[in-house]
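A look at the structure
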Amino acid sequence: MMWKLSAEQFRDRIFDVLGRKQHWSTTHFNGNTVTKEQLNVHFRQEYAVYIRDFAVLLARIVGKNPPWQIRRHLATTIYEEETGRLSLGKPHQELFLQMMMGLGYKRAEFRDVELLSRSYAYREWLDEICDREDWIVGAAVLTIFVEGSVHDRDEVMNQKTPKSNADVEDIVKKHPLVAYHGLSPEHLDLIRAREMIEPCNRSVVYDLILKEAVESGTKNLILEKLETGLNVWLQYRDGIARACGLRQP
């Protein structure tokens, strides 16, 4: 039964969920077959659903007064998202918009974005998690699922040391937007900031969430919400792919 899971088994179940956070359209968006118009649809939805307001969602969790270790981590993340003072000195949403302008899009295109029906459903689910669920559920969804990826198992189990500037620049030069869509590396400070901050944070996030989930007896609930989140996210990505005219192979 799930209620008998040890902390290590609970973590492995989370890794299993994140290991399935993959969508068939990713190979299209990370490849050379999509157009700038299709990328525009994709990026506008991503921005309006969670990139623009990620710090606001985190702040709702802080407002529920979790234990100080969680508050400190969330507050630090909000500080970086809103100021960039732990990395490159600019808010992450501004770095995202700079990347978009580098692709030739106009800043105005990212104001008042009309969400697709499944994008709206995903954002509505995130809002509900942050507003109605206990803080531990919201913290797990935002810091583990939304910020996490299929690489979480490796990043947590094989804790990464900070990357050198040369390592970060190599990642930037190989980025799909540079390789396939002609984006100048100078517009990829968002990737630089994330590579400076996030990989080393994954083990910290898991340690905090696992400790609190075990102590509060919420392991089952968290796993249930992460599974739900995965399903809603996959449908969200289905909606974007459909709006871009992409078809599953």
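To start, this report covers the structure provided alongside it. Owing to the predicted nature of the structure, the values given are computational and were not obtained by experimental measurement.

As a further point, take helix H8 (residues 135–146). Here H8 is 12 residues long and its end C-alpha atoms lie 15 Å apart, about the 16 Å a rise of 1.5 Å per residue gives. By the criterion of burial, H8 is predominantly enclosed, with 12 of the 12 residues buried. What H8 keeps buried is the set Trp135, Ile136, Val137, Gly138, Ala139, Ala140, Val141, Leu142, Thr143, Ile144, Phe145 and Val146.

We now examine the layout of surface pockets. Taken as a whole, the largest pocket spans an internal volume of roughly 1,800 Å³. Lining of the largest pocket is provided by 50 residues; of these, Glu147, Gly148, Ser149, Arg194 and Glu198 occupy positions nearest its centre. Per-element accounting of the lining of the largest pocket gives the leading share, six residues, to helix H3 (residues 36–51). Here the residues of the lining of the largest pocket are counted per class, giving 22 nonpolar, 15 polar and 13 charged.

Turning our attention to empty space enclosed by the protein. Within this structure, the stated rule accounts for two cavities of 30 Å³ or more. For the largest cavity, the calculated volume is near 50 Å³. Lining the largest cavity are Ile70, His73, Leu74, Ala139, Thr143, Val205, Leu208 and Ile209. Of all the secondary structure elements, the ones that give two or more residues to the lining of the largest cavity are helix H5 (68–83), H8 and helix H13 (202–216). Residue composition of the lining of the largest cavity, grouped by class: six nonpolar, two polar and no charged. Roughly 40 Å³ of internal volume is contained in the second largest cavity. If you go around the second largest cavity, the residues you meet are Ile51, Arg52, Phe54, Ala55, Glu81, Glu82 and Gln93.

With that settled, the discussion passes to the side chain of Lys21. Considering the arrangement of structural elements, one finds Lys21 in the loop between helix H1 (7–19) and helix H2 (26–29). Asp152 provides the closest opposite charge to the buried, salt-bridge-free Lys21, at an N-O distance of 8.0 Å. One polar contact links the side chain of Lys21 to the main-chain carbonyl oxygen of Val146, over a distance of 3.4 Å. Polar contacts involving the side chain of Lys21 include one to the main-chain carbonyl oxygen of Gly148, which spans 3.1 Å. Those residues within four positions of Lys21 in sequence are excluded, and the remaining contacts are Phe145, Val146, Gly148, Val150, Leu230 and Trp233.

All chains considered together, the criterion is met by seven aromatic pairs. Ring plane angle 75 degrees and centroid distance 6.0 Å describe the contact between Phe43 and Phe96, whose orientation is recorded as edge-to-face. Placement of the pair is Phe43 in helix H3 and Phe96 in helix H6 (residues 92–102), with a sequence separation of 53 residues. Residue class for Phe43 comes out buried when judged on its relative accessible area of 11%. Their ring planes at 85 degrees and their centres at 5.7 Å tell us that Tyr47 and Phe110 sit as a pair that is edge-to-face. In this pair, Tyr47 sits in helix H3 while Phe110 sits in the loop between H6 and helix H7 (117–132), placing the two residues 63 residues apart along the sequence. Here Tyr47 and Phe110 have matching classes, each one buried. Seen from the ring of Phe145, Lys21 lies directly overhead, with NZ or CZ sitting 4.6 Å from the centre.

Criteria and cut-off values
Position numbers for residues start from 1 in each chain and track the written sequence from start to end. Where local features are concerned, this predicted model is filtered to residues with pLDDT of at least 70; where side-chain atom pairs are given and counted, the filter is 80 or more; whole-chain, interface and lining totals use all residues. Excluding hydrogens and water, the side-chain values take into account all heavy atoms of the structure. Only DSSP runs of H or I covering at least 4 residues are called helices, and only runs of E covering at least 2 are called strands; the numbering of each starts at the N terminus. By definition here, a helix of n residues has an expected span of 1.5 Å times n minus one. Partly exposed residues are those whose accessible area sits between 20% and 50% of the maximum for their type, while under 20% is buried and over 50% is exposed, using a 1.4 Å probe and protein chains only. Lining residues are those with an atom within 4 Å of a point, where the points come from a 1 Å grid over the protein atoms alone and group into cavities, where a 1.4 Å probe fits but cannot get out, or pockets, open sets with protein on both sides within 12 Å along at least five of seven lines. Grid points are joined across faces, edges and corners, and a volume is the space filled by probe spheres set on the points. When residues are sorted by character, Ala, Val, Leu, Ile, Met, Phe, Trp, Tyr, Cys and Pro go into the nonpolar class, Asp, Glu, Lys and Arg into the charged class, and all the rest, Gly among them, into the polar class. A residue counts as positive if it is Lys or Arg and as negative if it is Asp or Glu; His and the chain ends are not included. Whenever Lys or Arg places a side-chain nitrogen within 4 Å of a carboxyl oxygen from Asp or Glu, that contact is recorded as a salt bridge. Think of a polar contact as two N or O atoms within 3.5 Å of one another; within protein, one of them needs to be a possible hydrogen donor and the other a possible acceptor, and neighboring residues in sequence only count if both atoms come from side chains. A contact between two residues is defined here by any heavy atoms of the two lying within 4.5 Å. Planes of paired rings set the category: under 30 degrees apart is stacked, over 60 is edge-to-face and the rest tilted, where pairs are Phe, Tyr or Trp rings (Trp by its six-membered ring) whose centres lie within 6.5 Å. Charge-over-ring contacts are defined here by two conditions on Lys NZ or Arg CZ: a distance within 6 Å of the ring centre and an angle within 35 degrees of the ring normal.

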